[in-house]
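# Chains, contacts and geometry: an overview
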Amino acid sequence: MDISDIAFVIATLAVLVGTLFSIIGIIGLVRLPDVYARMHAVGKVSTFGVVLLTTAAVLAVPFTWSKALILIAFLVLTGPLISHAIASGAYRLGIPLKGAQRDDLARERIGDPE
């Protein structure tokens, strides 16, 4: 077994696990009750799925390491920021939280100085 066979096995595992993460994100998008829980599922899980699929592509075509590393860094840095921005916008629009026990940001929305 040489290095290309090992790379192929790792790439295959990365495709399977990345696809599993993506499927879990889609299920979370469909099944979760509100926009905030959906953003959590899609933002976290799909970022890992895309990173694993990009890693699999790099292992299959090893000439793209530099571009893939830049893409992975970009995805890891911007994925949570985009999810936060969308959730913050949804909160500011007044989209309610389903089954929330407490709302720590409610004072800011009302305008209470505390």
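Residues numbered from 1 in each chain as written. Predicted model: local features only at pLDDT ≥ 70, side-chain atom pairs only at ≥ 80, totals over all residues. Heavy atoms only, no water.

## A look at the packing of helix α2 (residues 35–60) against helix α3 (residues 65–92)
Two numbers describe how α2 lies on α3: the axes approach to 10 Å, and their chain directions differ by 175°. As summarised for this structure, α2 and α3 are arranged roughly antiparallel, according to the angle between their axes. The segment α2 lies against α3, with Val 35, Tyr 36, Met 39, Gly 43, Thr 47, Val 50, Val 51, Thr 54, Thr 55, Val 58 and Leu 59 engaging Trp 65, Ala 68, Leu 71, Ile 72, Leu 75, Val 76, Gly 79, Ser 83, Ile 86, Ala 87, Ala 90 and Tyr 91. (Axes fitted to C-alpha atoms, helices over the stretch in contact; angles between N-to-C directions. Helix = DSSP H or I, 4+ residues; strand = E, 2+ residues; numbered from the N terminus. Parallel < 35°, antiparallel > 145°, perpendicular 65-115°, else oblique. Contact = heavy atoms within 4.5 Å.)

## Focus: the side chain of Thr 47
On the secondary structure map, Thr 47 appears in helix α2. Exposure remark for Thr 47: the relative accessible area of 15% places this residue in the buried category. Ignoring anything within four residues of it in the chain, the contact list for Thr 47 reads Val 42, Leu 75, Val 76 and Gly 79. (Buried < 20%, exposed > 50% of the residue type's maximum accessible area, 1.4 Å probe, protein only.)

## Considerations on the environment of Val 76
Residue placement: Val 76 occurs in helix α3. Overall, Val 76 belongs to the partly exposed group, its relative accessible area being 44%. Put simply, Val 76 and Phe 48 are 28 residues apart on the chain and 8.3 Å apart in space, counted from C-alpha to C-alpha.

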